[in-house]
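Secondary and tertiary structure notes
Given next are the chains, with one letter for each unit.
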Amino acid sequence: DLLRAKEGSGRLILSDMPAVHRPLRTLSEAELDHQEALSNAMAGRMALMKEDFAPALRFYQRALFYDPKSVESAEMIVSLAVKLDQEQVALRYLVRLAELAKEPEPAMLENVASLLAHQGEYRRAAQFYARTASFRPAAPKTSEQAKLCLNIARLFHVGNDNAQAAHWFGLFLDYATSTLK
C-alpha cells in the first residue's frame, strides 16, 4: 500500500516511491506521433471545456501536426478559428478538412472552391469544383451540371491549365447540347 496514514495526524504520506515505468519495447515514431496527437487533442478538449479558445486552437493545431489525417482535429480547428475571428486560419484548415474528408458534402466543397476563387487560387478552386462534380449523378444531364462544368473550365483557364480547361469545356458542351434537346 503506497499511502499510509501517519499515526495520529490523519494525513496521508508516501511510504514508498513508485517504480519507474519501463515499456516492454520502444515505441515506433508513428506510435510516438499518435501518442503526441492524442495528448494534444485531449489538452485541447480540456482547454475547450474551460472556454480557453486560443490555447485550445493551438493544441488542436499541434494534434493535427502529429496526426495530419485527423478529420476531427481539422474540424475543431475550423470551428475554433471561426469563433476567434481568425478567417485566414479557418479558411486554410477548411481547405485541409475538405482534402481530408473521404466523402465531403458537395456544399462544403463548393464553398471552399468559391472562397479559393475569391482569393485568386483558381486552379485549386477548379479542383474542388471538379470534386463536387464527381459526387453528382452522371445522368440525367442538367443545365446545373453544364454551368458547373463551364465554371470549372473557366477557373482552369484563368489558372493557366488549358488542358484541363479544354476537358471541362468539352464536358460543358456535351451537357449543354444534351439539355437543349
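Anyway, here's the lowdown on the structure attached to this text. (Residues numbered from 1 in each chain as written. Predicted model: local features only at pLDDT ≥ 70, side-chain atom pairs only at ≥ 80, totals over all residues. Heavy atoms only, no water.)

Structural notes on the side chain of Ser73
The topology assignment puts Ser73 in helix α3 (residues 71-83). Those residues in contact with Ser73 that lie beyond four places of it in its chain are Tyr60, Ala63 and Leu64. (Helix = DSSP H or I, 4+ residues; strand = E, 2+ residues; numbered from the N terminus. Contact = heavy atoms within 4.5 Å.)

Side note on helix α7 (residues 143-158)
Quick reminder: α-helices carry 3.6 residues per turn. Residues three or four places apart thus point the same way. An ideal rise of 1.5 Å per residue puts 22 Å on 16 residues; α7 measures up with 22 Å between its terminal C-alpha atoms. Count one or two residues on from α7 and you reach Asn160, which has phi positive near 65°. (Expected span 1.5 Å × (residues − 1).)

Here's the deal with the environment of Ile77
With respect to the helices and strands, the residue Ile77 is situated in helix α3. Ile77 has contacts with Leu57, Tyr60, Gln61, Leu64, Val89 and Tyr93, leaving out every residue within four places of it along the chain.

Quick look at the packing of aromatic side chains
Each aromatic ring pair is summarised here by two numbers: the centre-to-centre distance and the angle between the ring planes. A full pass over the atoms with the stated rule returns 2 aromatic pairs. Residues Phe65 and Tyr66 carry aromatic rings whose centres are separated by 5.1 Å and whose planes lie at 85° to one another, so their mutual orientation is edge-to-face. A relative accessible area of 61% places Phe65 in the exposed class. Ring centres of Phe169 and Phe172 lie 5.6 Å apart, and the angle between their planes is 35°; this geometry places the pair in the tilted category. (Phe/Tyr/Trp six-rings, centres within 6.5 Å; stacked < 30°, edge-to-face > 60°. Buried < 20%, exposed > 50% of the residue type's maximum accessible area, 1.4 Å probe, protein only.)

Considerations on the packing of helix α1 (residues 29-49) against helix α2 (residues 53-66)
Packing of α1 against α2 leaves a shortest axis separation of 8 Å and a crossing angle of 165°. The angle between α1 and α2 falls in the class roughly antiparallel. Between α1 and α2 lies a crossing whose hand is left-handed. Only Phe53, Pro55, Ala56, Phe59, Tyr60, Arg62, Ala63 and Tyr66 of α2 make contact with α1, whose side of the interface consists of Asp33, Glu36, Ala37, Asn40, Ala41, Ala43, Gly44, Arg45, Ala47 and Leu48. When grouped by side-chain class, the residues that make up the contact of α1 with α2 number 12 nonpolar, 2 polar and 4 charged. (Axes fitted to C-alpha atoms, helices over the stretch in contact; angles between N-to-C directions. Parallel < 35°, antiparallel > 145°, perpendicular 65-115°, else oblique. Left-handed = near helix turned anticlockwise from the far one by under 90°. Nonpolar A, V, L, I, M, F, W, Y, C, P; charged D, E, K, R; others polar.)

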